[in-house]
Each structure stands twice: as structure tokens, then as C-alpha cells.
Amino acid sequence: MPYHSEPEQFVAWLRAVAPYIHAFRGRTMVVGFAGELVVSGRLNALVQDLSLLHAMGMRLVLVFGSRPQIDEQMTLRGVTSRYHAGIRITDTVALECAKEAVGETRLDIEAAFSQGLPNTPMAHATVRVVSGNFVTARPVGIVDGVDFEHTGLVRKVDVQSVRLALNSGALVLLPPLGFSPTGEAFNLAMEDVACATAVALDADKLIFVTENGGVVDRDGRLLTEITEGEARTVLEAGYLTPDAADYLRYALKACDGGVARAHIVPLSMDGSVLLELFLHDGVGSMVVEETLEALREATLDDVGGILAIIRPLEQDGTLVKRDRSLIEREAPNFTVIEHDGVIFGCAALYAFPEDGIGELACLAVNPNVQGQGDGERLLRRIEQRARAAGLQRLFVLTTRTAHWFLKRGFTVGTVDDLPGARKNLYNWQRKSQVLLKSL
């Protein structure tokens, strides 16, 4: 639905993505896309999305592939492309074709970033593109008795020069070509260049825009988040297509090399890079060192995120109002659940050790991600904290969510079951239900 017909919906959406914009500003992202994206006519859409990310303050390195473009040049010369184990054998003719294809594609990309027509997404966009001989390569050599000739592998990325360009506010464009210290040119895989660059830069994200668009399980269901261990298990299972397996291997290699997140998103979906970055679960597959959903105790830095979660519930009367200074003082009592640096839920424990009981308070989850088990995870963590503190029971005061707690082992109690210090503060106007649970 157009935003102008639902202004409240547009404002709510813009506010929802704001935490991601803050989190990603100044971050380095390497985006690699296959040559098929250009052939399919989707280059302009990707350029517009990347220009938007650039305008938000993200530091972008773009790596492009050229396999179909090289094949086209080979066909025009009446030469058949040769492959072994999915890797192109680049003889002298194929290398000349690669140079032509890469040069033409590079110019198309630079031209796309130079657009600025009024009433288009590129209006007022000023994106400077810097490219050059940033990648040193070495030959693949002879493998299984096959000489790959001018096909190469990345040996080194000129990190200093790339960072200098990024620091100047430019977008860096890397072609799938590398050069040796002796001046030889080598045809490289886009995936290899993107992965090696992300590792060398210690990038925050590596994003592959691909035809396969993600990693699936044996039943064909998309795996939206994959730990390194799970990625190895999937690869060992051997059910992925060769292309999908290759992308997953490079994503895993990047994470092993220190890249925080590696994404595989579909080129067939318009805006897939934006959707992957700004939706909670994204639209592709993400490889991470550990699960992105972190359950931990709160710090003072989390106060703003906690307030954003509980304010709507305070306004509708579900929770008792607490001012910021109180939350700041009581931050150590809180447990938060965050996803990729954004807080999506919280809960607090107030202990009454002399009575062997603790109060569970401020249990709240962002409504956009409710139903995914975050509430249960927060409850279990509070129970663990209570047991560690030597408490035998928990109580909660609630006016609207009694059924949720009853389904999770709480029983109905009375005000007389509260510890003395808490009983004196009971709000008889709210008439909250007292629910108890033995630990």
C-alpha cells in the first residue's frame, strides 16, 4: 500500500528501521554480485539501493562477477568456454575475453552510479566510485593434471588503498581480475575476491547477491540464520546444489576469517539487500559465528532500548510507568534479548532474599517479533538468575497477561503471599493479580 495512503504505517516502519540505520552507520560492507544480475537487467535497482546505503553512512566495497559476459565474448569469437570442477580454464583467448567483459561491465556500473535524473531514486545522489589494481593474484596452477593457465586466486588485497578510498567517502569497485608483481593479469572468481576483501578489511558484513538466493534445509525450507557449525554440517550433508554450496563455503570462510556476518540473498527479489538488512529475519541466509539472538544481562548502554520496549506497554496500562533515572539505577536487574545489536525484549528480577522469593517484572517483547519464543527465553533466564541467587519462588503482578504466565507454570496467589516489603507497595487501585511459581 502506498505510504501516502497510510501515513501512520509509513511512520511506524521508518521508526522501526531507525535502530538498524544507527547500528550500520560507519560500518564496512562488502557486496558481491554475480554477472547474471547485470544480464537480468537488475543492475540499476541494486545501484539505487547501494546508493541509499551509502547515503546512510555505510562504507561499501562492491565486487562484481562476469561469467555470462565472458561466455558471450567467447561465443562471439567462436570459442568454446572450458571448465574443470566448476572453474573456468582461462587460456590466452579467454583472458582477452575476460578483460573485455570486465571492462564493459565496470563501465556500466560506474555509469549507473553516475545517474542523477530528477524524480528518480538517484536524484541528488553523489556517489564517487574508485577502482584500480587493488588485488594481487597468483595462478591456480595445475590441479588434477589440468592447467588452469590464467585463472587465479587472490593473494593479497591492498587494504591501505581501499580504506583510504572509503575514508574519502567513495564507494570502492573491485573487478574479478587480479595482477601479479610481474604484471600478469589473472581471471578471478567474484566470490574469492569478495571473501578475501571482506576478511582483509575486517568487514562487518559480506553480502552475496546470487541466483540461488540462500541456503535451504533438506526439505527446501530457507535457513535464515546459520552458525558456523551448522554451515559445516549442511556442507557435509551434500544436498546443496554446487553453486549454493560454493556460496556457503565462501560465507563460512569469511566468518572463519573474522567477518561478523555473511549473507546470501536472492538477486531475483527487488530490494533484497535492503530487506536483508532492515527486516528482523531478512530474506536470505545469514552465516554467523554465534547465534545473533543474544540473551544477556543489561548495562547502562541498554537503557534506551529497554525504554523503547516498555513505553508502549506503560502507555496502555499493561506496565507500571518507570522513569529513565529509575531504569538507569536498576539496569543490573534487567535481562535483555537482542538481535544483531537491537534490543527486542527485556525482563527484570528484584530479589527479596530474606523471604526466598523474587519478583519478575517488566517482561516485554517487541510486538513485531512476538510469537517467536523470546518471552519464554527471557522467563527461563530470569528463573536461572533467581535460582543462582538462592531464591525458591518467583512472583509476578499482572493485570492483562495472567493467562500467559499460568500456561508457564505460575499459579494464582494473593497479596498475602508477597514479601513484606513488596506488600506495603502493592497498588490497590491497579488490583494486579498475584501469580506464583516454585523454582
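Because the structure is a prediction, the values reported are computed rather than measured. (Residues numbered from 1 in each chain as written. Predicted model: local features only at pLDDT ≥ 70, side-chain atom pairs only at ≥ 80, totals over all residues. Heavy atoms only, no water.)

### Remarks on the overall build of the protein chain
For step 1, the next point in the chain: A count of helical and extended segments in the protein chain gives 15 helices and 23 strands.
For step 2, the next point in the chain: Along the longest, intermediate and shortest principal axes, the C-alpha atoms of the protein chain span 90 × 55 × 40 Å.
For step 3, the next point in the chain: Considering only residue pairs separated by 6 or more positions, the protein chain has 69% of its internal contacts joining residues 24 or more positions apart.
For step 4, the next point in the chain: In the form shown here, the protein chain has an accessible surface area of approximately 21100 Å², with 51% of it arising from carbon and sulfur atoms.
For step 5, the next point in the chain: A distance of 7 Å separates the average location of the 43 positive side-chain charges in the protein chain from that of its 55 negative side-chain charges. (Helix = DSSP H or I, 4+ residues; strand = E, 2+ residues; numbered from the N terminus. Contact = heavy atoms within 4.5 Å. Areas by Shrake-Rupley, 256 points an atom, 1.4 Å probe, with all protein chains shown as cover. Lys, Arg positive; Asp, Glu negative; His and termini not counted. Charge placed at Lys NZ, Arg CZ, Asp CG, Glu CD.)

### Considering the pairing of strand E21 (residues 393-398)
For step 1, the next point in the chain: Looking at chain direction, strand E20 (residues 357-365) and E21 are connected through three bridges and run parallel. Across the sheet, residue Glu359 finds its bridge partner in E21, namely Phe395.
For step 2, the next point in the chain: In this view, the connection linking E20 to its parallel neighbour E21 by way of helix H13 (residues 374-388) has right-handed handedness. (Pairing = 2+ DSSP bridges. Right-handed = clockwise from strand over helix to strand, strands pointing away.)

### Side note on helix H7 (residues 190-201)
For step 1, the next point in the chain: For H7, with twelve residues, the first-to-last C-alpha span of 16 Å sits near the 16 Å given by 1.5 Å per residue.
For step 2, the next point in the chain: Judged by how many residues are buried, H7 sits mostly within the fold: nine of twelve residues are covered.
For step 3, the next point in the chain: The set of residues buried in H7 consists of Met190, Glu191, Asp192, Val193, Ala194, Cys195, Thr197, Ala198 and Leu201.
For step 4, the next point in the chain: Phi for Asp202, located one or two positions after H7, is positive at around 55°. (Expected span 1.5 Å × (residues − 1). Buried < 20%, exposed > 50% of the residue type's maximum accessible area, 1.4 Å probe, protein only.)

### A closer look at the pattern of salt bridges
For step 1, the next point in the chain: Counted by the stated rule, this structure contains 23 salt bridges.
For step 2, the next point in the chain: Notably, a salt bridge pairs Arg221 with Asp219, separated by 3.3 Å at the nearest N-O pair.
For step 3, the next point in the chain: Using a relative accessible area of 59% as the deciding quantity, one classes Asp219 as exposed.
For step 4, the next point in the chain: Here Lys437 ties to Glu383 by a salt bridge, and the two come within 2.6 Å at their closest N and O atoms. With Lys437 in strand E23 (residues 433-438) and Glu383 in helix H13, this residue pair connects regions lying 54 residues apart in the sequence.
For step 5, the next point in the chain: Residue classification places Glu383 among the buried residues on the basis of a relative accessible area of 8%.
For step 6, the next point in the chain: Because the salt bridges share partners, they merge into one network encompassing Arg82, Asp91 and Glu149. (Salt bridge = Lys/Arg side-chain N within 4 Å of Asp/Glu carboxyl O.)

### Observations regarding the packing of aromatic side chains
For step 1, the next point in the chain: One pass over the full model with this rule turns up seven aromatic pairs.
For step 2, the next point in the chain: For the pair Trp404 and Phe405, a centre-to-centre distance of 5.0 Å together with 80° between the ring planes defines the contact as edge-to-face. (Phe/Tyr/Trp six-rings, centres within 6.5 Å; stacked < 30°, edge-to-face > 60°.)

### A closer look at the sheet that holds strand E14 (residues 225-227)
For step 1, the next point in the chain: Read from one edge to the other, the open sheet built from eight strands follows the order E5-E10-E2-E1-E13-E15-E16-E14, with strand pairing classed as mixed. The open sheet has two edge strands, strand E5 (129-131) and E14, and neither has a second partner. Adjacent strand axes in the sheet meet at a mean angle of 20° when their direction is disregarded.
For step 2, the next point in the chain: Where strand E1 (residues 28-33) meets strand E13 (residues 205-210), five bridges bridge the pair, whose relative direction is parallel. When the sheet's bridge partners are listed, Gly32 is paired in E13 with Phe208.
For step 3, the next point in the chain: The sheet contacts of helix H8 (residues 228-237) involve E14 and strand E16 (285-288), and relative to E14 the element is tilted by about 90°. (Axes fitted to C-alpha atoms, helices over the stretch in contact; angles between N-to-C directions.)

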